[in-house]
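# Structure assessment
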Amino acid sequence: MDYATSPSHLKPFVHQVAGHIPHAENNKLGFLECSDSTVLKPAQKAESGFRESEFYRSVFDNSVEERLVLQLRRHLPQYFGIQKINGLANYLKLENVVSKFRKPCIMDIKIGRKTYDPSANPVKIARSVYKYPHNVRLGFQISGMQVYDPEDGSYKTYDKQICRNWGEENITNGLDIFFGNEKKRPEIIKSVLNKLRSIEDWFQNQRKFAFYSSSILIVFEGDSTSVQTPKKLRRHLSRPPLTHRESNVLTNAKSCIDVNCPTERQWRGSFHRSLSENAWNSNRTDDENSKNNDENNKDNDVELKMIDFTHVWNTEQQDQNYLFGLQNVIHHVELLLER
Ligand SMILES: Nc1ncnc2c1ncn2[C@@H]1O[C@H](COP(=O)(O)OP(=O)(O)OP(=O)(O)O)[C@@H](O)[C@H]1O
Ligand SMILES: O=P(O)(O)O[C@@H]1[C@H](O)[C@H](O)[C@@H](OP(=O)(O)O)[C@H](OP(=O)(O)O)[C@H]1O
């Protein structure tokens, strides 16, 4: 099957900045974009694909009650189950993290000193280390990025080969290029830092998963004229019923998948819970809430999610491999504020 024979409500996803890219000759589809603000990620080969879908299922399963797992949901794209296309290939149906942006600037950062999992053989380990030797000390690598240039209305893309040229000494340059020169740069960086620190808090507490070769996807608007205004957002945050777009996402997602989809009540529940964790707090005064909302509105200019769970292992210890890398990303992003 190729793009020409794929269902018409699907189209090739044009904002993939890293990861497996299908080759034209092998007749396989890559990431697909759906009209309901989701993407379809092709399931990876055997165990990797299974591990990733199992991981998403275990986090988004309706029966989950464990607080740490529920907290993790807000850092992941929403998962809508496995979808088969034309009864053939398996795809993971995920919230499209870039869909709300007109000109998304996107960076994929692979986190962790070790990018190979505990089952890796010496050849695989050597291959991983050889690819980016700085990883042992940095604990992260930029896997790819795209930056919108409003001057000439085009994207500049940086693939993994280009990104691997940024070593320990000049990785900040790569980060610097990503955040560009735009007026909102300090706010965007602060918002990225807030979100990274929130993931760090989660990692300080969790003793359940070890993430190898997993990434953080950072997205912000490259066309500053198109960001949602705080006023619109305030209205959105103070209105409990689902918006038209939200119910479309839900309806469409439910109509085309069969497994693991949360019920509408649960979906609404988790949606409103995450809003309440962020912005609704009945114990606060209006002033506090309004200040809080302003902070959240700024944070809304940025999407930052953990992605790529093909090598998630169970553990009973702190994931120091990931934490080390994440803290170093935070440190390097903080340096940008001093420039
Ligand atoms: N939920 C999403 N929303 C929008 N874009 C996404 C989403 N998930 C992934 N992408 C895009 O696709 C790219 C690859 O994603 P991912 O790392 O999950 O794929 P992969 O093929 O498993 O990667 P790898 O080869 O590193 O294992 C990301 O860098 C990002 O650009
Ligand atoms: O995009 P990159 O940085 O080049 O890295 C690839 C990516 O991390 C894949 O996840 C990995 O396959 P697995 O997930 O199957 O391990 C593959 O390993 P491989 O080259 O060892 O097959 C890498 O080449």
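Thresholds applied
- Counting of residues starts from 1 at the beginning of each chain's written sequence and follows it residue by residue.
- The lettering of chains begins at A and the numbering of ligands begins at 1, in the order of writing.
- With pLDDT at 70 or above as the cut-off, local features in this predicted model cover only qualifying residues; side-chain atom pairs require 80 or more to be listed or tallied, and sums for whole chains, interfaces and linings still use all residues.
- Hydrogens and water are ignored here; the side-chain numbers use all heavy atoms of the structure.
- Helical segments are the DSSP runs of H or I of at least four residues, strand segments are the runs of E of at least two, and each set is numbered from the N terminus.
- Only protein chains enter the area calculation, which uses a 1.4 Å probe; residues under 20% of their type maximum are buried, those over 50% are exposed, and those in between are partly exposed.
- Strand pairing is assigned whenever DSSP identifies at least 2 bridges connecting the two strands.
- Where helices are involved, their axes are fitted lines through C-alpha atoms of the stretch in contact, as for all axes, and angles between N-to-C directions lie from 0 to 180°.
- The rule is short: rings of Phe, Tyr and Trp, with Trp giving its six-membered ring, pair when the centres are within 6.5 Å, and they are stacked under 30 degrees, edge-to-face over 60, tilted in between.
- Any residue with at least one heavy atom within 4 Å of a molecule or strand is counted as near it.
- What qualifies as a polar contact is a pair of N or O atoms within 3.5 Å, subject to a donor-acceptor requirement within protein and to the restriction that residues adjacent in sequence count only when both atoms come from side chains.
- Using the Shrake-Rupley algorithm and a 1.4 Å probe, accessible areas are obtained, with residue cover drawn only from the displayed protein chains.
- Residue classes follow a fixed rule: Ala, Val, Leu, Ile, Met, Phe, Trp, Tyr, Cys and Pro count as nonpolar, while Asp, Glu, Lys and Arg count as charged, and any other residue, Gly among them, counts as polar.
- Grouping buried Ala, Val, Leu, Ile, Met, Phe, Trp, Tyr and Cys residues that are joined through side-chain atoms within 4.5 Å yields what is termed a nonpolar core.
- Whether two residues are in contact is decided by their heavy atoms: any pair within 4.5 Å suffices.
- Patch membership is restricted to residues that have no salt bridge and whose relative accessible area is over 30%. Joining uses 9 Å for like charges and 5 Å for the nonpolar side chains Val, Leu, Ile, Met, Phe, Trp and Tyr.
- Note on definitions: salt bridges are taken to be side-chain nitrogens of Lys or Arg within 4 Å of carboxyl oxygens of Asp or Glu.
- Charged residues are defined here as Lys and Arg on the positive side and Asp and Glu on the negative side; His and the ends of the chain fall outside this count.
- By convention, charge coordinates are those of NZ in Lys, CZ in Arg, CG in Asp, or CD in Glu.
- Put simply, a crossing is left-handed when the front helix is turned counterclockwise from the back one by less than a right angle, and right-handed when it is turned clockwise.

## Some points on the side chain of Asn328
Note on placement: Asn328 falls in helix H12 (residues 320-337). We classify Asn328 as buried; its relative accessible area is 16%.

## Observations regarding the sheet that holds strand S1 (residues 10-12)
Strand order across the open sheet formed by five strands is S1-S2-S3-S5-S4, with antiparallel pairing between neighbours. On the outer flanks of this sheet lie S1 and strand S4 (79-84), each paired with one strand and no other. Sheet twist, expressed as the average angle between the axes of neighbouring strands with direction ignored, equals 30°.

## Looking at the packing of aromatic side chains
Going through the model one piece at a time under the given rule, you end up with 20 aromatic pairs. Considering the side-chain rings of Phe178 and Phe179, the 5.0 Å spacing of their centres and the 70° angle between planes classify their relative orientation as edge-to-face. Ring centres of Phe211 and Phe309 lie 5.9 Å apart, and the angle between their planes is 70°; on these two criteria the pair is classed as edge-to-face. Here Phe211, found in strand S9 (residues 209-211), pairs with Phe309, found in the loop between strand S11 (302-307) and strand S12 (312-314); they are 98 residues apart in sequence, far enough to count as distant. The burial state of Phe211 is the same as that of Phe309; both residues are buried. Among the aromatic side chains, those forming a connected cluster through ring pairs are Phe55, Tyr56, Phe60, Tyr79, Trp202, Phe203, Phe209, Phe211, Phe309 and Tyr322.

## Things to note about the site of ligand 1
Close contacts around ligand 1 come from 21 residues, with Val17, His20, Lys41, Glu95 and Asp108 the closest. Between a nitrogen atom of ligand 1 and a main-chain N or O atom of Val97, the distance comes to 3.0 Å. Within the contact set of ligand 1, an oxygen atom lies 2.6 Å away from a side-chain nitrogen or oxygen of Asp108. Contact with the protein chains covers 93% of the free accessible surface of ligand 1, which is 630 Å². The set of elements that each furnish at least two residues to the shell around ligand 1 consists of strand S3 (38-42), strand S5 (90-95) and strand S6 (104-111). When its residues are assigned to classes, the shell around ligand 1 shows ten nonpolar, six polar and five charged.

## What to know about the site of ligand 2
All residues adjacent to ligand 2 are His20, Lys45, Lys110, Lys124, Arg127, Lys131, Lys160, Arg164, Ser213 and His311. In this structure, an oxygen atom belonging to ligand 2 sits 3.1 Å away from a side-chain N or O atom of Lys45. One of the side-chain N or O atoms of Lys124 is found 2.4 Å from an oxygen atom in ligand 2. Its residues assigned to classes, the shell around ligand 2 comprises no nonpolar, three polar and seven charged.

## What to know about the nonpolar core
Counting residues in hydrophobic clusters, the biggest one holds 66 residues, and the most contacted among them are Phe211, Ile216 and Met306. Looking at which element gives the most residues to this core, the answer is helix H7 (residues 185-205), with eight residues. Leave out the neighbours within four places in its chain, and Phe211 touches Phe55, Trp202, Phe203, Gln206, Met306, Phe309, His311, Val312, Asp319, Asn321 and Tyr322. Of all hydrophobic cores here, the second largest spans seven residues; its members include Leu32, Leu40, Ile85 and Tyr91.

## Some points on a positive patch on the surface
Together, Lys45, Lys124, Arg127, Lys131 and Lys160 make up a positively charged patch on the protein surface. Sorting elements by how many residues they give to the positive patch places helix H3 (residues 122-131) first, with three residues.

## Considerations on the sheet that holds strand S10 (residues 214-221)
One open sheet holds the five strands; their spatial order is S8-S7-S6-S10-S11, and the pairing between them is antiparallel. At either end of the open sheet lies a strand with only one pairing partner, and these are strand S8 (154-158) and S11. With direction set aside, neighbouring strand axes in the sheet form an average angle of 10°. One ladder, built from eight bridges, connects S6 with S10; its direction is antiparallel. From the neighbouring strand, Asp108 faces S10, where its bridge partner is Leu217. Each of S6, strand S7 (140-149), S8 and S10 touches helix H6 (residues 171-179); the most contacted strand, S7, lies at about 30° to it. Seen against the sheet, H12 touches S6, S7, S10 and S11 and runs at an angle of roughly 140° to S6.

## Quick look at the pairing of S8
The sheet contact formed by S7 and S8 spans five bridges and is antiparallel. By the bridge assignment, Tyr148 is partnered in S8 with Tyr155. As consecutive antiparallel partners, S7 and S8 are separated by four residues, and within that stretch Gly153 has a phi angle of approximately 65°, a positive value.

## A closer look at the packing of H6 against H12
Relative orientation of the contacting elements H6 and H12 amounts to 65°, with a least axis distance of 10 Å. Note that H6 runs across H12; the crossing there is right-handed. Along the contact surface, H6 presents Ile171, Thr172, Leu175, Asp176 and Phe179, while H12 presents His332, Val333, Leu335 and Leu336. Residue composition of the contact of H6 with H12, by class: six nonpolar, two polar and one charged.

## Notes on the pattern of salt bridges
Here the idea is simple: oppositely charged side chains can pair when their charged atoms come close. Counted by the stated rule, this structure contains 15 salt bridges. One salt bridge in this structure joins Lys156 and Asp149, with 3.6 Å as the shortest N-O distance. Judged by relative accessible area, which is 33%, Lys156 ranks as partly exposed.

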